[in-house]
Amino acid sequence: MTTTDPDWVLTGTDPVSDSYHPTFTGNGHLGARIPAAGQGFSPAPVPTQFPIAGYYGIQDGFQVRASGPAWTGMPLSDEGGAFDAALAADDVDGRIDDYAQSLDLRTGALRTSARWASPSGAVYDLAYTVIADRADDRRGVVTLEVVADRDAEITVGDVLDMRAATMVARTTAGRDADTTTLALDIVLEGTGVVCAVRSRLDGPGTLASRDAAHLPSGSIAQQRRTVLRAGEPATFRKVVGISTGTGPAQAAVAAEEAQHSIDDAAARGHDELRSAHDEAWRRLWRGDIRVDGDDLLQQQIRASRFYLLASVNARRPFSLSPAGLSSDGYGGHVFWDTETWMWPSLVLQDPELAESVLRYRADRLDDARLAAARGGDAGARFPWEGALDGFEHTPATEFGETELHIVSDVALACWQYYLATGDADWLRDVGGPIISGAADFWGGRATTGDDGLLHIANVTPPDEWAQAHDDSAYTNAAAAAVARMALRTSELTGGPVSAPWSVLASSMFIPHDPVRGVTLEHADYDGARIKQADVVMLGYPWEHEQDDELTARDLDYYASKVTEHGGPSMTDAMHSIVSAGLGRSRDAYWYTKRSADPFLRAPFQQFAEERDGGAFTFVTGAGGFLQEFLYGYSGLRLREDGVVLRPLLPAALDGITLTGLQHRGTLFAIAIGPRVTTVSVQEGPGLTVHSDVGVVEVAAGGSATIPTRVSVDADDSRGHGTRLREVRREPRARAPRPDGALFSAADLELTRVEVFDDADHTRVVATVAGEIANPWAGEAMSAHGLHIYLSDADSDNGVTDADGRQPGHDGLLPGLPTAAPAHWRFALVGSGLEQGGPSGTGLYDASGTLVSPVRLTVARRSEIVLTVPTSALDGVELRSAAITALLLDNSGGHTDPETAPLPPLAPRVADTLSSVADGDGPGQGNDLGAGTDTGGTREGSARP
């Protein structure tokens, strides 16, 4: 591979554009966001912070991870000015050319190169390279290579810039002239955590200290001055050692370790140092995810894995925070993000890294037990936001008190680590106490209700917008699963069994909506929009025992309820994984693109938390995204005796290959093809694979194949069944709605109505040109309802009269404000507000009588699906029946989908689509449009 391989090297060439977002590199101990100048500190467009794992101070009474000083500072200047200043100018044309900043994902090396025309008249070709050394995680290296077009005197600085540092109580700075070493010692506010930084600058020319009067407060610098000869390149190299300690007593040790790192670099030489660094990264990249058929997706995957790896280190038992080592986002705190979203993307390919993350929890188990006892609970209670210690550090007190599912999330990760490694000693000594502590916590929290089942009160589900309620489905299901883990752990280790575990494992109440046939998010759930994935996660990662039909209903119901604007990136990752489990490859890939493209920022493919901002770089999102390939398309699940594989390949890809997978000493790879998936064992013992065709034993050093599952939604049926009819028209240019600030006109424009049959059920699918948003509740819906009228092929199909009555019938469905076809036999109604009743979701006959329930779902946010038992449509020949669809909206105008309440409902017909050409009539300003009836075939293609 060349250094410009786009699969591995991400490059930006326009540092002044709005699309430029500086990236970071790291080694799991040190992180460094590098500005456009290639070194140093910059406050914009994103502040360049320098996080250090475990480096916490006190801010507003809470432990918060601090940023260290900007250790990469190495400015270049001559008598005419500085390269940094030229790059920061409003207009760089004529002064900066051939700019490129490239991140090599294979090694974490960030290279910034440019041609700088100095006001002095000299022109310089220069390149900075920054690495956070993976072989010695206390060390960072900055290299500058420069050549001038004429003889020129330059100055190269070595700056430890305190502008990046936060929560500093005091600093001590100095310079050792004999060793030409800068020293900076820092003590943080509140915690007394110490940090020692040592820096040495090598290169041609004379070295001198720099006047502190021209430096940011607390900073220290030195510089080399030399004369470049025209055309002769020069290299300058800065080596930095950084070490921390948990208190003042460790200050001397930290200083000694920091000094050792730069002395060791000098003794070994840069080539050896860089070789060891590259080799450490090469070993990590033994675990890779390769996709064929989508080059952009390949970049996104590898970038996501890099940012995750750059934020964790096997030698450092600290956990991951949502922004990794890119920034102090979320205070550098440890949430459920770690065990639920990031950690699963480590354990399959990097179990030693995964173990170090769990060690963070194990080291704080005593704190978790004490936290539980202080709250009157048994067992162990892990904090919603952890930091240096194991106590609660969330400023949002209500979440710290009630978002207790974190206890189960930690336990699940411990169980998964045992499944992946088979390390019984670890389970007995480390993971088992965490699992049993979690089970004891829930055993004390759960209470028996009048129904004889266990209930858990006053908890906040993963959908934080819901706030605290009784019987969160996620929390209850997870608590029961943890009890089962605890029982099995006791069997394996011979440990004690607590009395409540068995009841907790088998008698937990899960709230259910019998009308819609879905799991309720919590006991009081009323259909409000949600922040993020919640109930859907019962299918994955919890593998809650339920049939696929319920999993599918939950997915379809809740996926359309997630907010578009405030929701985090990892939600659609979960939707993708669950869709893949259901065999819906089209949906899975659609969710994959939604989980990545709107959130990734150029040019280095970094996740933002939300579409419009939020934490950056959002490593939580990267972890969730990687799980789509490791667990989604592979269908991989961990078991004690092997792995489950249920591979599925979306039509958009030619193949997916997972390498460096590990299970209990076996190193293996999976290659998913369109028809066949190959499992190869490269090292260690053989592997047992549980597949849809049975158990397959893969011998040591051998390979075996299993069928790749056939997608249920890959063809034009999209999983709905056999298509009987299609009425369609091209999207039209329409005037914006009066309340267009909230929904576009396309959101309420019908482009297609299809009828499908799968023997037992008929599905009528109406597609809009835009998106259907939250069709289930009264807040900020784009569509109030959908009416589908079915009538005989020879019906009159005229419209109602001015009084809203139809010839030959006693009346019209209540609530319909405008024209509808006459002589209709059945009306399928989808209402976001109610089920059944006089005008809610259901199948009605011409008298307005409800004759059958109807299931309302939304697929891919653009298809409204009404499913009814085929037997209920007795006497209607669906292949030839006349079809008229009316899409209703709420004519009230509001502009804020998050806060503005809807005015009283005033539904109107927003758009219509009919199979009957002469069905024109009034529509409150919308044409009753006749579409092309393809009679079960698509225009220009045969019926599948």
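Predicted model, so just to flag it, every value in this text is computed and none were measured.

Criteria and cut-off values
Residues numbered from 1 in each chain as written. Predicted model: local features only at pLDDT ≥ 70, side-chain atom pairs only at ≥ 80, totals over all residues. Heavy atoms only, no water. Helix = DSSP H or I, 4+ residues; strand = E, 2+ residues; numbered from the N terminus. Buried < 20%, exposed > 50% of the residue type's maximum accessible area, 1.4 Å probe, protein only. Contact = heavy atoms within 4.5 Å. Phe/Tyr/Trp six-rings, centres within 6.5 Å; stacked < 30°, edge-to-face > 60°. Lys NZ or Arg CZ within 6 Å of the ring centre and 35° of its normal. Pairing = 2+ DSSP bridges. Axes fitted to C-alpha atoms, helices over the stretch in contact; angles between N-to-C directions. Parallel < 35°, antiparallel > 145°, perpendicular 65-115°, else oblique. Left-handed = near helix turned anticlockwise from the far one by under 90°. Nonpolar A, V, L, I, M, F, W, Y, C, P; charged D, E, K, R; others polar. Expected span 1.5 Å × (residues − 1). Polar contact = N/O pair within 3.5 Å; in protein donor to acceptor, adjacent residues only side chain to side chain. Bend = angle between axes of the 7 residues up to and from the residue. Salt bridge = Lys/Arg side-chain N within 4 Å of Asp/Glu carboxyl O. Core = buried A, V, L, I, M, F, W, Y, C linked by side-chain atoms within 4.5 Å.

Novice: Give a description of the overall build of the chain that names residues and reports values.
Specialist: The helix and strand inventory of the chain stands at 17 helices and 48 strands. A total of 944 residues make up the chain; the buried ones form 61% of that total. The contacts of the chain with a sequence gap of at least 6 include a subset with a gap of at least 24, amounting to 66%.

Novice: Describe the environment of Ser703, listing the residues and the values that go with them.
Specialist: With respect to the secondary-structure elements, Ser703 resides in strand S35 (residues 703–707). With 22 residues separating them in the primary sequence, Ser703 and Val681 have C-alpha atoms 6.2 Å apart. In contact with Ser703, other than residues within four places in its own chain, are Thr678, Val679, Ser680 and Val698.

Novice: Which residues make up the packing of aromatic side chains, and what values do they have?
Specialist: Within this structure, the stated rule accounts for 23 aromatic pairs. Ring centres of Trp8 and Trp285 lie 4.8 Å apart, and the angle between their planes is 90°; on these two criteria the pair is classed as edge-to-face. With a gap of 277 residues between them, Trp8 in the segment before strand S1 (9–12) and Trp285 in the loop between helix H3 (270–284) and strand S20 (288–292) connect regions that are remote in the sequence. An aromatic cluster is defined as three or more aromatic residues linked by ring pairs; in this entry it consists of Tyr330, Phe335, Trp336, Trp341, Trp384, Tyr474 and Trp542. Here the basic side chain of Arg134 rests over the ring of Trp281, its NZ or CZ set 5.0 Å away from the ring centre. Across the ring face of Tyr557, the terminal group of Lys561 is positioned such that the distance to the ring centre comes to 5.3 Å.

Novice: Kindly report on the sheet that holds strand S28 (residues 637–639), identifying the contributing residues and their values.
Specialist: If you trace the four strands from one edge of the open sheet to the other, you get S28-S29-S33-S34, paired in mixed fashion. On the outer flanks of this sheet lie S28 and strand S34 (694–698), each paired with one strand and no other. Geometrically, the sheet is characterised by an average inter-axis angle of 25° between neighbouring strands, direction not taken into account.

Novice: Account for the packing of helix H7 (residues 351–362) against helix H11 (residues 424–445), naming residues and giving values.
Specialist: Taken N-terminus to C-terminus, the directions of H7 and H11 make an angle of 60°; their axes are 10 Å apart at the nearest point. Overall, the two elements H7 and H11 adopt an arrangement that is oblique. The element H7 and its partner H11 pack so that their crossing is left-handed. Contacts between H7 and H11 involve Glu355, Leu358, Arg361 and Ala362 on the former and, on the latter, Trp426, Val430 and Ile434. For the contact of H7 with H11, the per-class residue count stands at five nonpolar, no polar and two charged.

Novice: Account for helix H10 (residues 406–421), with residues named and values stated.
Specialist: Here H10 is 16 residues long and its end C-alpha atoms lie 23 Å apart, about the 22 Å a rise of 1.5 Å per residue gives. With 15 of 16 residues buried, H10 is to be regarded as a mostly interior element. Downstream of H10 by one or two residues, Gly422 has phi in the positive range, about 70°.

Novice: A description of the side chain of Gln606 should follow, citing residues and the corresponding values.
Specialist: For Gln606, the position within the fold is in strand S26 (residues 606–610). Its relative accessible area of 0% is what places Gln606 among the buried residues. In this structure, Gln606 is in contact with His21, Pro22, Thr23, Phe24, Arg33, Tyr307, Phe599, Leu600, Arg601, Phe616 and Thr617, ignoring residues within four places of it in sequence.

Novice: Just give me the short version of the sheet that holds strand S32 (residues 676–683), but keep the residues and values in it.
Specialist: The five strands are arranged S20-S30-S31-S32-S35 in an open sheet whose pairing can be described as antiparallel. The outermost strands of the open sheet, each flanked by one partner alone, are S20 and S35. The sheet shows a mean angle of 20° between the axes of neighbouring strands, direction not considered. Here S32 runs beside S35; their pairing, made up of five bridges, is antiparallel. Looking across to S35, one finds that Val679 is bridged to Ala704.

Novice: Outline the packing of H11 against helix H12 (residues 473–493), listing residues and values.
Specialist: Close contact between H11 and H12 brings their axes to 8 Å; oriented N to C, the two are set at 140°. It follows from the interaxial angle that H11 and H12 lie oblique. In terms of crossing hand, the pair formed by H11 and H12 is left-handed. Mapping the contact onto sequence places Leu427, Arg428, Gly432, Ile435, Ser436, Ala438, Ala439 and Trp442 in H11 and Thr475, Ala479, Val482, Ala483, Met485, Ala486, Thr489, Leu492 and Thr493 in H12. Of the residues belonging to the contact of H11 with H12, the class tally is eleven nonpolar, five polar and one charged.

Novice: Could you give an account of the pairing of strand S43 (residues 855–859), with specific residues and numbers?
Specialist: Buried residues dominate S43, accounting for four of its five residues. Both S43 and strand S44 (residues 863–869) contribute to a ladder of five bridges, which runs antiparallel. From the neighbouring strand, Arg855 faces S44, where its bridge partner is Thr867. Linking S43 back to S44 in an antiparallel pair, the connection comprises three residues, with Arg860 at a positive phi of about 50°.

Novice: With reference to specific residues and values, describe the side chain of Glu464.
Specialist: Summarising the element assignment, Glu464 is placed in the loop between strand S22 (454–455) and H12. Polar contacts involving the side chain of Glu464 include one to the side chain of Lys531, which spans 2.5 Å. When residues no more than four places from it in sequence are discounted, the contact partners of Glu464 are Trp384, Phe399, Glu403 and Lys531.

Novice: How would you sum up unusual backbone geometry? Please name residues and give values.
Specialist: For the bond from Tyr540 to Pro541, the omega torsion is 10°, close enough to zero to count as cis. Following the sequence through the fold, Pro541 ends up in the loop between strand S24 (518–519) and helix H14 (548–559). Positive phi is not limited to glycine here, since Thr180 has a value of about 50°. By the element assignment, Thr180 lies in the loop between strand S14 (168–176) and strand S15 (181–188). The backbone of Gln605 shows a phi angle near 55°, a positive value even though the residue is not glycine. Relative to the assigned elements, Gln605 resides in the loop between strand S25 (600–601) and S26.

Novice: Give a detailed account of H11, specifying residues and quantitative values.
Specialist: If you look at H11, its biggest bend is around 55°, right at Gly431, and the proline Pro433 turns up within four residues after that. All of the buried residues along H11 are Trp426, Leu427, Gly431, Gly432, Pro433, Ile434, Ile435, Gly437, Ala438, Ala439, Phe441 and Trp442. Those residues of H11 that are buried lie in contact with H7, helix H8 (365–374), H10, H12 and helix H13 (500–506). Two or three places before Asp425, at the start of H11, stands the capping residue Asp423, its side-chain oxygen 3.3 Å from that residue's backbone nitrogen.

Novice: Describe the pattern of salt bridges, listing the residues and the values that go with them.
Specialist: Summed over the entire model, instances satisfying the criterion amount to 50 salt bridges. Between Arg139 and Asp136 there is a salt bridge; the shortest N-O distance is 3.5 Å. In this structure Arg139 comes out as buried when scored by relative accessible area, which is 1%. Across the pair Arg516 and Asp513 runs a salt bridge, and its minimum N-O distance is 3.8 Å. With a relative accessible area of 22%, Arg516 lands in the partly exposed category. The class for Asp513 is buried, based on a relative accessible area of 13%. Residues joined in a network through salt bridges with shared partners are Asp556, Arg584, Asp587, Arg718, Arg723, Glu726, Arg728, Arg752, Glu754, Arg855, Arg860 and Glu863.

Novice: So what's going on with the nonpolar core? Residues and values would help.
Specialist: Ranked by size, the top nonpolar core spans 201 residues in total, and within it Tyr124 and Leu636 carry the most contacts. Considering every element that reaches this core, the biggest residue donor is H10, with twelve residues. Excluding its chain neighbours within four sequence positions, the residues that come into contact with Leu636 are Leu348, Leu630, Tyr631, Val643, Val644, Leu645, Leu661, Phe668 and Ile670. One finds Leu724, Val854, Ala885 and Leu913 within the second-largest nonpolar core, a separate group that totals 31 residues.

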